[in-house]
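Okay, here's what each chain looks like letter by letter:
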Amino acid sequence: MMTNPMNRLDARNYYTATRKYDLSFPRLTADLDVDVVVIGGGFSGINTALELAEKGITNIVVLEARHLGYGGTGRNGGQVMAGIGHDLDKVKKHVGPKGLETLFSIANQGAGIIKSRIARYDINADFRHGYSYLAFNSRQERTLRAWGAEFQQVDPGQEIELVTGAAVKDLVGSDVYCAALKHMGGGHVHSLNLLLGEAKALVSHGARIFENSPVIAVEYGERVHVRTNAGSVRASKLLWACDSFLNGLEPSIAPKTIHTYAFQLATEPMPEELCLRISPIRGAYSDIRPVIDYYRLTNENRLLFGSATSMIEHVPEDLAAWNRDRLLRIFPYLADVKIEMAWGGPMACSANLFPQIGTLPDRPNAFYVQGYSGFGVTPSHIVCKVLAEGMSEGSARYDLMSAIPHIDIYGRGALRPAVMSAAKIWHQLSGYFNGRR
């Protein structure tokens, strides 16, 4: 009998084991009338609600089926990196040269939003500066060189440097890389503590959050009626912010993404000298292949390491062993270090690997956000700022992003592993032509 892969992916993870906020919210057991109802208690839902609250729209209810951060927000790598999607050229034909300029100008604002929010609300999220994009070969090195010039153009005040040859060891303690692009404006964060700090900020504005309140039905109209298993909410506007945990609840947007899976591990705490060998800058890292490895050191001297299957879509039986093999290709001297936690989760991927925002067909008061395609920690902060603009006063940025077509993806049921395997193989092949293989 086949087992549910979520049983393996739901294993104890680093974020839940090290959460600093003893924060919980009641189940919805009443019938409420509000301005905005948000379905989903991850970065997308909480960030959009907080952006609205900061604009003075505070009569908001957030409904979470499990607990805050149960989805991708509490299962990721914690990387704070530049960008908004995998490749902006994929949407160029839909937005034109001027639109592409606008997207590029906002693509690197997510890290700044995270840092300013941490400062404004005194959020304890272990933020640390320092990011390195890594190259295995000369093709990837040329790509990093081009990225460095683009990053400097957008934000000339940041410390950005291409490092090659033996000097790469000053950034990362591995022999497998030939070049690294150091970007000190990026870094890493404890994503669950960041979310919980943002949720605390949200309720300080007067918004309400309900956990363990799964939505069972939505009726649309001038006032949207959302029913849970023990209560209901009527609202002028609704936001679907479930991403890979939508579970088909809204049929008009469910076909626009397809799930793949990412897997992470956390080592035991390591001696300081070993940590400095791994990461002299104690930063976060990712290579630039079509399916990346990504890793970082935590404040407790653990190494968090993550990846996804690069060709054939499947969920490994032993998550710790699978990711450990990948880890040891980069750091063979960690062979004796114990793996204490291993977990994973689904990622909702769009066809163009670009986040989706907009309204449901013929329902101008029902909004949605989804499809981060594995890059959600940082982009969610700028994407949801733009989305909040669209939900309140409107903006040219929202009009631009919401106008990008969101096409349906077929074969999402029993054929999903085959569809994802074919997509990954094509993604790998295309990497040769865009300098990422």
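The rules we used
- Residues numbered from 1 in each chain as written.
- Predicted model: local features only at pLDDT ≥ 70, side-chain atom pairs only at ≥ 80, totals over all residues.
- Heavy atoms only, no water.
- Buried < 20%, exposed > 50% of the residue type's maximum accessible area, 1.4 Å probe, protein only.
- Helix = DSSP H or I, 4+ residues; strand = E, 2+ residues; numbered from the N terminus.
- Pairing = 2+ DSSP bridges.
- Axes fitted to C-alpha atoms, helices over the stretch in contact; angles between N-to-C directions.
- Parallel < 35°, antiparallel > 145°, perpendicular 65-115°, else oblique.
- Contact = heavy atoms within 4.5 Å.
- Nonpolar A, V, L, I, M, F, W, Y, C, P; charged D, E, K, R; others polar.
- Salt bridge = Lys/Arg side-chain N within 4 Å of Asp/Glu carboxyl O.
- Phe/Tyr/Trp six-rings, centres within 6.5 Å; stacked < 30°, edge-to-face > 60°.
- Lys NZ or Arg CZ within 6 Å of the ring centre and 35° of its normal.
- Left-handed = near helix turned anticlockwise from the far one by under 90°.
- 1 Å grid on protein atoms, 1.4 Å probe; cavity = no way out; pocket = protein on both sides within 12 Å on 5 of 7 lines; lining within 4 Å.
- Points joined across faces, edges and corners; volume = space filled by probe spheres on them.

Below, the discussion takes up the pairing of strand S14 (residues 303-307). Among the 5 residues of S14, 5 are classified as buried, and the element is accordingly described as predominantly covered. Because side chains alternate across S14, one face comprises the buried residues Leu303, Phe305 and Ser307, and the other comprises Leu304 and Gly306, equally buried. In terms of strand pairing, strand S11 (residues 258-267) meets S14 through 4 bridges, oriented antiparallel. Bridge pairing in S14 links Gln264 to Gly306. Where strand S13 (residues 294-297) and S14 come together, 4 bridges link them in antiparallel fashion. Across the sheet, the residue bridging to Leu297 is Leu303, located in S14. Between the end of S13 and the start of S14, which pair antiparallel, lie 5 residues, with Asn301 showing a positive phi angle near 70 degrees.

What follows is about the packing of helix H5 (residues 110-121) against helix H10 (residues 379-391). The geometry of H5 relative to H10 is characterised by a closest axis approach of 7 Å and an angle of 90 degrees between their N-to-C directions. With respect to H10, the element H5 is oriented roughly perpendicular. Of the residues in H10, those touching H5 at Gly110, Ile113, Ile114 and Arg117 are His381, Ile382 and Lys385. For the contact of H5 with H10, a count of residues per class yields 3 nonpolar, 2 polar and 2 charged.

With that settled, consider the pairing of strand S9 (residues 224-228). Of all 5 residues making up S9, 4 are buried, and the element is well covered by its neighbours. In the sheet, strand S8 (residues 215-219) pairs with S9 via 4 bridges, with the strands oriented antiparallel. Within the sheet, the bridge partner assigned to Glu219 lies in S9 and is His225. Connecting S8 to the next strand, S9, in antiparallel fashion are 4 residues. In textbook terms, the turn of a hairpin is the stretch between consecutive antiparallel strands, and for S9 and strand S10 (residues 232-240) this stretch comprises 3 residues.

Moving on: the pattern of salt bridges. One pass over the structure, following the stated rule, counts 22 salt bridges. Among the ionic pairs, Glu161 bridges to Lys182, the shortest N-O distance being 3.6 Å. Within this pair, whereas Glu161 is found in strand S5 (residues 160-164), its partner Lys182 is found in strand S6 (residues 179-188), the two being separated by 21 residues in sequence. Residue Lys182 is classed as buried on the basis of its relative accessible area, which comes to 12%. Residue Arg282 pairs with Glu272 through a salt bridge whose shortest N-O separation is 3.5 Å. Of the two residues, Arg282 is situated in the loop between helix H8 (272-278) and strand S12 (284-287) and Glu272 in helix H8; the sequence distance between them amounts to 10 residues.

Our next topic: the packing of aromatic side chains. Applying the stated criterion to the full structure yields 14 aromatic pairs. When the centroid spacing of 5.5 Å and the interplanar angle of 70 degrees are considered together, the rings of Tyr70 and Phe245 count as edge-to-face. Of this pair, Tyr70 sits in the loop between strand S2 (60-63) and strand S3 (79-80) while Phe245 sits in the loop between S10 and S11, placing them 175 residues apart in sequence. Residue classification places Tyr70 among the buried positions, given a relative accessible area of 13%. Judged by centre distance (5.3 Å) and plane angle (80 degrees), the ring pair of Phe263 and Trp322 falls under edge-to-face. One end of the pair, Phe263, is in strand S11; the other, Trp322, is in helix H9 (residues 319-330), with 59 residues separating them in the sequence. When sorted by exposure, Phe263 lands in the same class as Trp322, which is buried. Geometry around Tyr70 places Arg75 over its ring, the cationic atom sitting 4.7 Å from the centre. Taking the ring centre of Tyr333 as reference, the NZ or CZ of Arg277 above it sits at 3.5 Å.

Tracing the backbone through its elements, the reader meets Phe104 in helix H4 (residues 92-107). In this structure, the C-alpha to C-alpha distance between Phe104 and Ala321, residues 217 residues apart in sequence, is 38 Å. For Phe104, the residues in contact, after removing those within four places along its chain, are Leu88, Glu150 and Val154.

Next up on the list: the packing of helix H3 (residues 43-54) against H5. Where H3 meets H5, the closest approach of the two axes is 14 Å, and the angle between their N-to-C directions is 60 degrees. Classified by the angle their axes make, H3 and H5 are oblique. Relative to H5, H3 is oriented so that their crossing is left-handed. Packed against H3, whose contacting residues are Asn47, Leu50, Glu51 and Glu54, the element H5 presents Ile113, Arg117, Arg120 and Tyr121 at the interface. Across the contact of H3 with H5, the residue classes tally to 3 nonpolar, 1 polar and 4 charged.

Taken as a whole, the second largest pocket holds about 200 Å³ of empty space. Residue assignment for the lining of the second largest pocket shows that the elements contributing at least two residues are H4, H5, helix H6 (138-154) and S6. The element best represented in the lining of the second largest pocket is H5, accounting for 4 residues. Here the residues of the lining of the second largest pocket are counted per class, giving 7 nonpolar, 11 polar and 2 charged.

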